[in-house]
Amino acid sequence: MRRNRATRSATNYFVSGLCILATILVILPLLAILFYLIYKGASSLNLAFFTHVPAPVGETGGGMANSIVGSGIILFLASLMGIPIGIAAGVYLAEFGRGKTLANAVRFTADVLNGVPSIVMGISIYSLIVVQQKHFSALAGGVALAVMMVPTITRTTEEMLATVPHAIREAALGLGVPKWRTAISVSLRTASPGIITGCMLAFARVAGETAPLLFTAFGNQFWSFNLSQPIAALPLQIYVYAISPYDEWHRLAWAGSLVLIVLIMVSVTLVRIFANRGALKGGS
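Being a predicted model, the structure only gives us computed values, none of them experimental. (Residues numbered from 1 in each chain as written. Predicted model: local features only at pLDDT ≥ 70, side-chain atom pairs only at ≥ 80, totals over all residues. Heavy atoms only, no water.)

## A look at the overall build of the protein chain
Okay, so step 1: In terms of helices and strands, the protein chain carries 12 helices and 0 strands.
Okay, so step 2: Seen in sequence order, the protein chain has helices and strands lined up from the N terminus as α-α-α-α-α-α-α-α-α-α-α-α.
Okay, so step 3: Burial statistics for the protein chain: of 284 residues in total, 39% are counted as buried.
Okay, so step 4: When contacts within the protein chain are restricted to residue pairs at least 6 apart in sequence, long-range pairs at least 24 apart make up 74% of them.
Okay, so step 5: Positive and negative side-chain charges in the protein chain, numbering 19 and 9 respectively, have mean positions lying 15 Å apart. (Helix = DSSP H or I, 4+ residues; strand = E, 2+ residues; numbered from the N terminus. Buried < 20%, exposed > 50% of the residue type's maximum accessible area, 1.4 Å probe, protein only. Contact = heavy atoms within 4.5 Å. Lys, Arg positive; Asp, Glu negative; His and termini not counted. Charge placed at Lys NZ, Arg CZ, Asp CG, Glu CD.)

## Remarks on the packing of aromatic side chains
Okay, so step 1: Taken as a whole, this structure holds 9 aromatic pairs when the rule is applied.
Okay, so step 2: Judged by centre distance (5.3 Å) and plane angle (75°), the ring pair of Tyr 246 and Trp 249 falls under edge-to-face.
Okay, so step 3: Taking relative accessible area as the criterion, Tyr 246 reaches 37% and is therefore assigned partly exposed.
Okay, so step 4: Members of the aromatic cluster, joined through ring pairs, are Tyr 126, Phe 136, Phe 215 and Phe 218. (Phe/Tyr/Trp six-rings, centres within 6.5 Å; stacked < 30°, edge-to-face > 60°.)

## Here we look at the UniProt feature "domain: ABC transmembrane type-1" (unreviewed entry) in the protein chain
Okay, so step 1: UniProt's entry tags residues 68-271 with the feature "domain: ABC transmembrane type-1" (unreviewed entry), counted in the numbering of this structure.
Okay, so step 2: From the first C-alpha to the last, residues 68-271 spans 20 Å; its make-up is 78% helix and 0% strand. (UniProt positions renumbered as here; feature names shortened; annotations may be inferred.)

## Describing helix 3 (residues 65-96)
Okay, so step 1: Here helix 3 spans 45 Å end to end across 32 residues, near enough to the 46 Å set by a 1.5 Å rise per residue.
Okay, so step 2: Of all the bends in helix 3, the greatest, near 25°, is centred on Ser 79. (Expected span 1.5 Å × (residues − 1). Bend = angle between axes of the 7 residues up to and from the residue.)

## A few points about the nonpolar core
Okay, so step 1: Among the nonpolar cores identified, the biggest contains 41 residues, and Ile 74, Leu 145, Met 149 and Leu 213 are the most heavily contacted of them.
Okay, so step 2: For this core, the secondary structure elements donating two or more residues are helix 3, helix 6 (138-162), helix 9 (192-207), helix 11 (234-242) and helix 12 (247-276).
Okay, so step 3: When sequence neighbours within four positions are dropped, the list of residues in contact with Met 149 reads Ala 78, Ser 79, Ile 83, Ala 202, Phe 203 and Val 206.
Okay, so step 4: Of all hydrophobic cores here, the second largest spans 6 residues; its members include Ile 129, Val 130, Ala 140 and Val 143. (Core = buried A, V, L, I, M, F, W, Y, C linked by side-chain atoms within 4.5 Å.)

## Focus on the side chain of Ser 137
Okay, so step 1: Mapping Ser 137 onto the fold places it in the loop between helix 5 (118-133) and helix 6.
Okay, so step 2: On the accessibility criterion, Ser 137 (0% relative accessible area) is buried.

## Section: the pattern of salt bridges
Okay, so step 1: Tallying each qualifying case throughout the model produces 6 salt bridges.
Okay, so step 2: Its salt-bridge partner being Arg 155, residue Asp 111 comes within 2.9 Å of it at the nearest N-O pair. Taken together, the residues span a long stretch of sequence, with Asp 111 in helix 4 (residues 101-114) and Arg 155 in helix 6 at a distance of 44 residues.
Okay, so step 3: A relative accessible area of 38% means that Asp 111 is categorised as partly exposed.
Okay, so step 4: The partner of Glu 158 in a salt bridge is Arg 155, and the shortest N-O contact between them spans 2.4 Å. Residue Glu 158 and its partner Arg 155 are located together in helix 6, separated by 3 residues, close to a single helical turn.
Okay, so step 5: A relative accessible area of 10% means that Glu 158 is categorised as buried.
Okay, so step 6: The class of Arg 155 is buried, set by a relative accessible area of 19%.
Okay, so step 7: Several salt bridges share partner residues, and in doing so they unite Arg 107, Asp 111, Arg 155, Glu 158 and Glu 159 into one network. (Salt bridge = Lys/Arg side-chain N within 4 Å of Asp/Glu carboxyl O.)

## What about the UniProt feature "transmembrane region" (unreviewed entry) in the protein chain?
Okay, so step 1: The positions that UniProt labels "transmembrane region" (unreviewed entry) are, in the present scheme, residues 12-39, 73-94, 106-129, 135-153 and 254-275.
Okay, so step 2: Between the end C-alpha atoms of residues 73-94 there is a gap of 32 Å, over a span that is 100% helix and 0% strand.
Okay, so step 3: Taken end to end, residues 135-153 is 84% helix and 0% strand, and its first and last C-alpha atoms sit 30 Å apart.

So, in structure tokens, the structure goes:
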């Protein structure tokens, strides 16, 4: 008995140590990237960076204020289009499309779109929207990012709804609640924390994408709030500065990268805080 207890205890410590080691190996690269960005970019952050537009070639100073606002506009458009469509598709797959041919086609399409390179998505939207409009636009950039968000949200929503106990649905149906109302008020509400996590993952994935915006939003060195015109974006401006031969622009590129990472982390953290407090998951 003592030998068996010692063996089980040793196995428990060994496996726990492996889990801790795996966690450290996952977190360590993230921390290394974050600290390196702070080291390279924090010294370049000042008030002008958040209030000025990019300076002309050869001049020092300038900032990325228009790019920060432009990224916010594009991401807002993408979320406004992508999140409702993705959640609706996931609800259909989990609640209404079980065993149907259309549901299998939607699921297969979502899986394929998850693996499509972002530059291919950008070229596709360029052909469908930009060529038809005959000019680049913020709207085209939002559509490109929205299309990239949809498959992730769809599959996450389906998986989260699958974890909702079937007895909860039966209880609602037994009380005379229509199936569509049960799906929205019961199943969707119960699975909302996981669905919110899926939306955050999709948002974080597209927030730093550059390739789709090269073919759609194109970028802008000035302030622009017109959705039908080219607009600045933080990833685009970082890309332009990073490939330039100027040290001043390289310095601003590091600062922009730091700001982009921090904005993503702050937005995801805020959503998590509100979700844990019950503001986004329907109370207790």
